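# Breakdown of the fold
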Amino acid sequence: TEAGEACEATQSFFGPDCGCPRDTDGASDFGIGTFEPPSCTLCPGGQSPPYLDLVHPIDGITCAEMADFMTSIDDDNEVACAATQAKYAYSCGCPDVVPSCTL
């Protein structure tokens, strides 16, 4: 249906910006092409952080905002991804993460 095609086009175009998995089945009918999910995520295992509404005390942003931002870090910038994960993953409750700094 026309509505289904419009929905698919919208998902293909905007879904990756929202952290949705990207189409890996081949080129789409809308010329988007094939691509992979973002390689940089707040939680090192790719899970969603449990404390999405927690506000980071230093930066004043929520874990949800940081998780969204991290999907935009360039796939080639592993250093920035690792540094940002080290700063936020533990406080946002990501599983199997230990604090990067202890007293």
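For the structure, check the block above.
Structural notes, computed from the coordinates. (Residues numbered from 1 in each chain as written. Predicted model: local features only at pLDDT ≥ 70, side-chain atom pairs only at ≥ 80, totals over all residues. Heavy atoms only, no water.)

Among all positions of helix 2 (residues 63-70), only Cys63, Met66, Ala67 and Met70 are buried. With its buried residues spanning 100° around the axis, helix 2 presents them on a single face. As for helix 2, its buried residues are in contact with helix 3 (78-88). (Buried < 20%, exposed > 50% of the residue type's maximum accessible area, 1.4 Å probe, protein only. Helix = DSSP H or I, 4+ residues; strand = E, 2+ residues; numbered from the N terminus. Arc of directions from axis to C-beta. Contact = heavy atoms within 4.5 Å.)

Okay, the nonpolar core next. Counting 14 residues, the largest nonpolar core has Cys40, Leu42, Met66, Met70 and Cys94 as the members making the most contacts within it. Elements that contribute at least two residues to this core include exactly helix 2 and helix 3. It is helix 2 that provides the largest number of residues to this core, a total of four residues. Once you skip the residues sitting within four places of it in the chain, methionine 70 turns out to touch Cys40, Thr41, Leu42, Cys81, Thr84 and Gln85. (Core = buried A, V, L, I, M, F, W, Y, C linked by side-chain atoms within 4.5 Å.)

Right, let's get into the environment of aspartate 76. Take aspartate 76: it is sitting in the loop between helix 2 and helix 3. On the accessibility criterion, aspartate 76 (70% relative accessible area) is exposed. C-alpha separation for the pair aspartate 76 and cysteine 40, spaced 36 residues apart in sequence, amounts to 9.7 Å.

Residues Asp74, Asp75, Asp76 and Glu78 make up a contiguous surface patch of negative charge. Tracing the sequence through the fold places glutamate 78 in helix 3. Here glutamate 78 falls in the exposed class, since its relative accessible area comes to 64%. (Patch = residues over 30% accessible without salt bridge, like charges linked within 9 Å, V, L, I, M, F, W, Y side chains within 5 Å. Areas by Shrake-Rupley, 256 points an atom, 1.4 Å probe, with all protein chains shown as cover. Salt bridge = Lys/Arg side-chain N within 4 Å of Asp/Glu carboxyl O. Lys, Arg positive; Asp, Glu negative; His and termini not counted. Charge placed at Lys NZ, Arg CZ, Asp CG, Glu CD.)

Fair warning: the whole summary comes from geometry, so function is off the table for now.
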